[in-house]
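Coordinate analysis (summary)
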Amino acid sequence: MIKSTIKGVGFYVPDNVVTNDDLAKLMTTNDEWITERTGIKERRHRKNRYDSQETSAYLGYKAAEKAIQNAGLTSKDIDYIVFATLSPDYYFPGCGVLLQDMLGCDTIGALDVRNQCSGFVYSMSVANAFIKSGTYKNILVVGAEVHSFGLDFSDEGRGVSVIFGDGAGAIVLSATEDDNAGDVLAVNMHSEGKYADDLCTQFPGSKFGWSDRMRKDPENVTNKEVYPIMNGNFVFKHAVTRFPETMMEALNKAGKTIEDLDMFIPHQANLRIAQFVQEKFGLPNEKVFNNIQKYGNTTAASIPIALSEAIEQGKIKRGDLVLLSAFGSGFTWGSVLFEY
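About the thresholds
Residues numbered from 1 in each chain as written. Predicted model: local features only at pLDDT ≥ 70, side-chain atom pairs only at ≥ 80, totals over all residues. Heavy atoms only, no water. Axes fitted to C-alpha atoms, helices over the stretch in contact; angles between N-to-C directions. Helix = DSSP H or I, 4+ residues; strand = E, 2+ residues; numbered from the N terminus. Parallel < 35°, antiparallel > 145°, perpendicular 65-115°, else oblique. Left-handed = near helix turned anticlockwise from the far one by under 90°. Contact = heavy atoms within 4.5 Å. Salt bridge = Lys/Arg side-chain N within 4 Å of Asp/Glu carboxyl O. Buried < 20%, exposed > 50% of the residue type's maximum accessible area, 1.4 Å probe, protein only. Pairing = 2+ DSSP bridges. Core = buried A, V, L, I, M, F, W, Y, C linked by side-chain atoms within 4.5 Å. Expected span 1.5 Å × (residues − 1).

Things to note about the packing of helix α3 (residues 56-70) against helix α4 (residues 95-103)
In contact at an axis separation of 9 Å, α3 and α4 are set at 55° when each is read in the N-to-C sense. In terms of orientation, α3 and α4 fall into the oblique class. α4 is crossed by α3, and the crossing has right-handed handedness. In contact with S56, A57, Y58, G60, Y61, A64, E65 and I68 of α3, α4 contributes C95, L98, L99, M102 and L103.

Below, the structure is given as structure tokens:
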């Protein structure tokens, strides 16, 4: 029987550290306010906000290089790419093909996934299906984001802009028939599009218009359209409901219990959400990994960054049962349960 096992991991974040005190110089806020509401102390932003070189594809490339090396493979061994991001280099094409070129892969397929905070979970679910079907052997799954170029660093945008950071994480998911290797045991994906407007960026697009509006009539293109908007309390309420649901769905599908878990890695949206879920299930601190304090919310990149860092720190070992869960814009949510 074919298993899909995580063969390699890697992550990359820009060198530029932006603290809460740094943001307080740009807008009316402070470290205590941000920490109390989000748990975030600092995040990474590319040094030049409008740098055309350090893009989402580039961050993904740096993370992918590490994951491929960690897997003991070369780029020529990769036979498919799944790239999750909400901040692509171009409106089109997607980042997957850019990464294929950067890595020097053969003319392999490259799929882009636009499920925001749930993007990596969705991507890993897709890669697992390809592996289990025997279609591909080594799939590179990447989550990468550059948020800093598109945030409103004014008082009007502070509720959102203090949360997000830049970064990328990657895994190599490989086919194996080794009885001792890890395997993806259960996946689930969900959506509820009627709440799309509660967490979104509206402009540009076929609903609110194209860039010609900005050029011809800039005064009537509002900040609410251009920058990310979030109904914070509403999103929190749904997140703390959907997280437990998707977690239990994955565990039940695999015939496991919450006590069987060795590590739970939630999407790093807000430390308060993670703590709520941890308390609900009675999970001890050593079984939950959070790093939002250092990196902020990196959307599709948050889970692979956290997974890579947890493995790097020895907090996840071969044979451990690991659960990845996410909730975000769309609304979309889901989980991946696997033995590492």
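That was the structure; now back to the text.
Notes on the pattern of salt bridges
Applying the stated rule across the entire model yields nine salt bridges. With a closest N to O distance of 3.3 Å, D183 and K132 form a salt bridge. Note that D183 is positioned in strand β8 (residues 183-191) and K132 in helix α5 (residues 119-132), a separation of 51 residues in sequence. One salt bridge in this structure joins E309 and K294, with 2.8 Å as the shortest N-O distance. Residue E309 is located in helix α12 (residues 302-312), and its partner K294 is located in helix α11 (residues 292-295); the two are separated by 15 residues in the primary sequence. On the basis of relative accessibility, which here comes to 32%, the residue K294 falls in the partly exposed class. A single network of salt bridges, built from pairs that share partners, joins E192, K194, R242 and E245.

Digging into the sheet that holds strand β11 (residues 263-266)
Taken in spatial order, the four strands make up an open sheet running β8-β13-β12-β11, and their pairing is mixed. Whereas interior strands pair on both sides, the edge strands pair on one side only; in this sheet they are β8 and β11. Looking at each pair of strands side by side, their axes are set apart by 10° on average, direction ignored. In terms of strand pairing, β8 meets strand β13 (residues 332-339) through eight bridges, oriented antiparallel. Each residue of the ladder has a partner; that of D183, found in β13, is E339. Sitting on the sheet, α5 is in contact with β8, β12 (321-328) and β13, with an inclination near 130° to β8.

Topic: the environment of P266
Note on placement: P266 falls in strand β11. Using a relative accessible area of 2% as the deciding quantity, one classes P266 as buried. Residues P266 and S123, 143 residues apart in the sequence, show an inter-C-alpha distance of 16 Å. Setting aside residues up to four positions removed in sequence, P266 forms contacts with F243, A274, V288, F289, N290, I303 and S325.

Remarks on the nonpolar core
One recurring pattern in soluble globular proteins is that nonpolar side chains are buried together. Counting 34 residues, the largest nonpolar core has I6, M124, I171, I265, I316 and F338 as its most contacted members. Looking at which element gives the most residues to this core, the answer is α5, with six residues. If we ignore the near neighbours within four places in the chain, the residues touching I265 are F289, I303, A306, L307, A310, I316, L323, L324 and S325. The next biggest cluster of nonpolar side chains, apart from the first, holds 26 residues, and it includes A63, I68, I78 and A168.

Regarding α5
Because the α-helix completes a turn every 3.6 residues, residues three or four places apart line up on one side. Look at α5: 20 Å from first C-alpha to last across 14 residues, which is about the 20 Å you get at 1.5 Å a residue. Where burial is concerned, most of α5 is hidden: 10 out of the 14 residues are buried. Looking one or two residues past α5, G134 carries a phi angle of roughly 85°, positive in sign.

Quick look at the sheet that holds strand β6 (residues 138-145)
With mixed pairing, five strands are arranged side by side in an open sheet as β1-β7-β6-β4-β5. In this open sheet, the two edge strands, each paired with only one partner strand, are β1 (3-12) and β5 (109-113). Direction aside, neighbouring strands of the sheet carry axes that sit 20° apart on average. Sheet analysis places strand β4 (residues 80-84) next to β5, joined by five bridges and oriented parallel. Looking at β5, one finds that V82 is bridged to L111. Most of the contacts of α3 go to β1, to which it runs at about 125°, and overall it touches β1, β4, β6 and β7 (167-176). Contacts from α12 reach β1, β6 and β7 within the one sheet, and its direction differs from that of β1 by about 95°.

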